[in-house]
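Topology and contacts: notes
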Amino acid sequence: MDSEITFYQDIKPLFSENDRNCMKASFDLYSYEAVYEKAAVIYASLNGNKVPQMPPGGKWNQKDINKFKKWMDTGKKMGLPPEREAFYKLLNNESFPDFLPTAKEMAYEYLKKAESVISNPPSESKLYGELLQHFKFTQEAFDERLQKIYDYIKGETDKYQPANDHIYNSRKDVIERIRQWAPFNQTDGAWLRYAVELGPTTEIQSLLSEIYQDELGNGQVELNHSTLYTTLLASCGIHLPDVYQRAYAENPKFLDSAFSLPALSLCISQFSKLFFPEILGFTLLIEWTVLESVVLIKLFKYYGVDPHFYEMHVAIDNASSGHGAKAKLAIELYLDHVRQNGGDAAVQEHWKRIWIGFVALWSTGTLAEDIKNTFIQRRIGQPDLRQRMIKMIADKAPYASRNHNDRKLGNVPINKLFNNPEVFLDTLAESSYVVKGDPGKSPILARLTTWDGPMYKIFTEEELKLWNDWILSLDPNILPLDQMKPFDIFTEMKRLIKTLKNNQYATPGHSHVLTGPNPDKPNNNDSFVTENIHWWLNQDDPIWIMKALICEKNEHRMVIPGKPEESPFITRMMSPANKMGLAFTDIAISRGPMKIETLPSTSDFQIPISEPWSWKDVAYRWIQVGCPLKSSDVVDDQVQLVSNVNFQPLYTHHTGVIDHHVHGPGGIH
């Protein structure tokens, strides 16, 4: 039995959510690194009468204060976050029998949350609305609900185009998604590991056994689902320790939420008799919603990643005769058995538990949102550097916020910016004090903090190095906002064609034919020619291939004006997995107009993020604004309104075609 005091198991639970929120401007009480660094300050506050009190939730009892002191005196050990600990100890349960009561408590907490989601579903997603609401069980109602869920997922996946995915928009992002789902997929089937007992069996257990044996590969190594996923990881250059090793659970490259679903799976499987109805619902969710994997198949193919793991699941889990059908039948047989022994009231009681298990898989963890936030953080600087910078600003705020008089950044007083260190940092990144990627040319380091500058000795040597590293991490291709100018997308599209045709000329894809207005008869609106793309590219003026791309005479149109998300020119031909797609990922405008997103804001102002444009961005924008064929057709408000802080987002990978799960883990597998 572990007797040591660790942060995650013993200290973090002592801080309430209110404590955390009140102190977050200074440091995060749920962060091991932050509490490790501030331990002496926290202990002094706990053990004295400092004002304001910290943590602010009220004075601790002496037992908890002593525990905190013992944690400090014994090395301030980190321990494993609860779900990582559950993952490691339940995979090695014979070595940790004392952990089982904790595992049972965790299982109840997961299921309690699922019940809460059923009662109060978030409004942002239909999947969390009517489709997950509890209903009285009848065979007809059960069939109808499952059909609605199937049809909804089928409709969403049919519309999905990876070229328009606003979360996963690079191969690097896709590979990171593969990494984060490893703890669940490398323990695929774990929720059924104790659901089938030795001895005489029932048809219900036989169905679950069939599903479990398929997950294990039926004795064939190459068919084992966990092995298949390990192979996928290796193909992406990801090599992890064995899942049973502590090093796997401690791997810092995993998000903590990557362990939420596998922890749920292992916790309920450990008590399979107790949670048998919930396991039936859990199984149904995984198997019945397998069509969600079609999204990943499309995404993987688009970026040149082997989709076999997900193609196999779509086949084996099918709703007609595969795991989906077997999971559904197992529930029907189970409820028939309950009815024979307890009547309809018992059926409804057990059915509620089954449905809670079904919803639990959708409501557990925050992996989808955490992955998305990780990608956002990458775009605005390395997350660890960013958080350290925010912390440094917060630490200096009590005095620094009083010493800048009426100086401003933009229209906002610097003293006021200290109230929101995160926004202050992003404002600095867009200011003239910082030259992104070049600390030596950044006035904050090159002038203000030097021996003859007004901020000399304000920062320690360590803090100056942090400034240096943070500025280096910022994208140097981003143009300061005050230099952004309106631009002519028609001219940029012509430049795209002239530039890329030299690299792509005579490639196999250019044998595709297009019909368009005849360049030899420019004044004859009724004259059209049908030629391959080689021919169109060889015309002196790019306007002719632009006209051919949008010509309604083409049976299969490559470009639909105003609808880049439906244009094969974007969704199919620019896949990064092919040569044309790779060419279009190159930066087209590194010091020019930028895509704009809006950062989280205070009530007073917003801070935009800007990024360089690729050739694909140019093509996307040209289609988005209606495929203009002359300069006067263009009015690009996205770039013209650079003096206005209320930007409207321009997402090159703008979606609207599928609802990414931002609650819970996201699509299963």
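In this text, all values refer to a predicted model and were calculated from it rather than measured experimentally.

Quick notes on the overall build of the chain
Within the chain one finds 30 helices and eight strands. Relative to its full complement of 669 residues, the chain shows a buried share of 53%. A separation of at least 24 residues holds for 71% of the contacts in the chain among residues at least 6 apart in sequence. Just so you have it, the chain exposes about 31,200 Å², and 50% of that area is on carbon and sulfur atoms.

Quick word on the packing of helix 7 (residues 139-159) against helix 17 (residues 323-363)
The geometry of helix 7 relative to helix 17 is characterised by a closest axis approach of 13 Å and an angle of 20° between their N-to-C directions. On the basis of their axis angle, the class for helix 7 and helix 17 is roughly parallel. In this structure, helix 7 crosses over helix 17, and the sense of that crossing is left-handed. Residue-level inspection shows Gln139, Phe142, Asp143, Arg145, Leu146 and Ile149 of helix 7 in contact with helix 17, the latter providing Lys328, Ile331, Glu332, Trp351, Trp355, Phe358 and Trp362. The residue inventory of the contact of helix 7 with helix 17, partitioned by class, reads eight nonpolar, one polar and four charged.

Side note on the UniProt feature "domain: Tyrosinase copper-binding" (unreviewed entry) in the chain
Sequence positions flagged by UniProt for "domain: Tyrosinase copper-binding" (unreviewed entry) are, in local numbering, residues 306-317. The distance from the first to the last C-alpha atom of residues 306-317 is 19 Å, and the span holds 75% helix and 0% strand.

Some words on the pattern of salt bridges
Counted under the stated rule, the structure contains 25 salt bridges. Of the charged contacts in the structure, one is a salt bridge between Asp256 and Arg84, with a shortest N-O distance of 2.8 Å. With Asp256 in the loop between helix 12 (246-250) and helix 13 (260-270) and Arg84 in helix 5 (residues 82-91), the pair connects residues that are 172 residues apart, well separated along the chain. Under the relative-accessibility criterion, Asp256 is labelled partly exposed at 38%. Here Lys154 ties to Asp158 by a salt bridge, and the two come within 2.8 Å at their closest N and O atoms. Here Asp158 and Lys154 lie together in helix 7, a separation of four residues that amounts to about one turn. Relative accessible area serves as the criterion here: at 35%, Lys154 is assigned to the partly exposed category. The structure contains a network of salt bridges with shared partners spanning Glu37, Lys391 and Asp395.

Some details on helix 5
Counting buried positions over the ten residues of helix 5 gives nine, a clear majority of the element. Buried within helix 5 we find Glu83, Arg84, Glu85, Ala86, Phe87, Tyr88, Lys89, Leu90 and Leu91. Those residues of helix 5 hidden inside the fold are in contact with helix 1 (7-11), helix 6 (100-119), helix 9 (182-185), helix 12 and helix 13.

A short note on helix 4 (residues 62-73)
Taking 1.5 Å of rise per residue, twelve residues should cover 16 Å, and helix 4 covers 16 Å from first to last C-alpha, within 8% of that figure. Where helix 4 is concerned, the buried positions are Asp64, Ile65, Phe68 and Trp71. Taken down its axis, helix 4 places every buried residue within 120° of arc, on the same side. Among the exposed residues of helix 4, those pointing more than 90 degrees away from its buried face are Lys63 and Asp73. Among the residues of helix 4, the N-terminal cap falls to Asn61, whose side-chain oxygen and the backbone nitrogen of Lys63 are separated by 3.2 Å.

Calculation notes
- Residues numbered from 1 in each chain as written.
- Predicted model: local features only at pLDDT ≥ 70, side-chain atom pairs only at ≥ 80, totals over all residues.
- Heavy atoms only, no water.
- Helix = DSSP H or I, 4+ residues; strand = E, 2+ residues; numbered from the N terminus.
- Buried < 20%, exposed > 50% of the residue type's maximum accessible area, 1.4 Å probe, protein only.
- Contact = heavy atoms within 4.5 Å.
- Areas by Shrake-Rupley, 256 points an atom, 1.4 Å probe, with all protein chains shown as cover.
- Axes fitted to C-alpha atoms, helices over the stretch in contact; angles between N-to-C directions.
- Parallel < 35°, antiparallel > 145°, perpendicular 65-115°, else oblique.
- Left-handed = near helix turned anticlockwise from the far one by under 90°.
- Nonpolar A, V, L, I, M, F, W, Y, C, P; charged D, E, K, R; others polar.
- UniProt positions renumbered as here; feature names shortened; annotations may be inferred.
- Salt bridge = Lys/Arg side-chain N within 4 Å of Asp/Glu carboxyl O.
- Expected span 1.5 Å × (residues − 1).
- Arc of directions from axis to C-beta.
- Polar contact = N/O pair within 3.5 Å; in protein donor to acceptor, adjacent residues only side chain to side chain.

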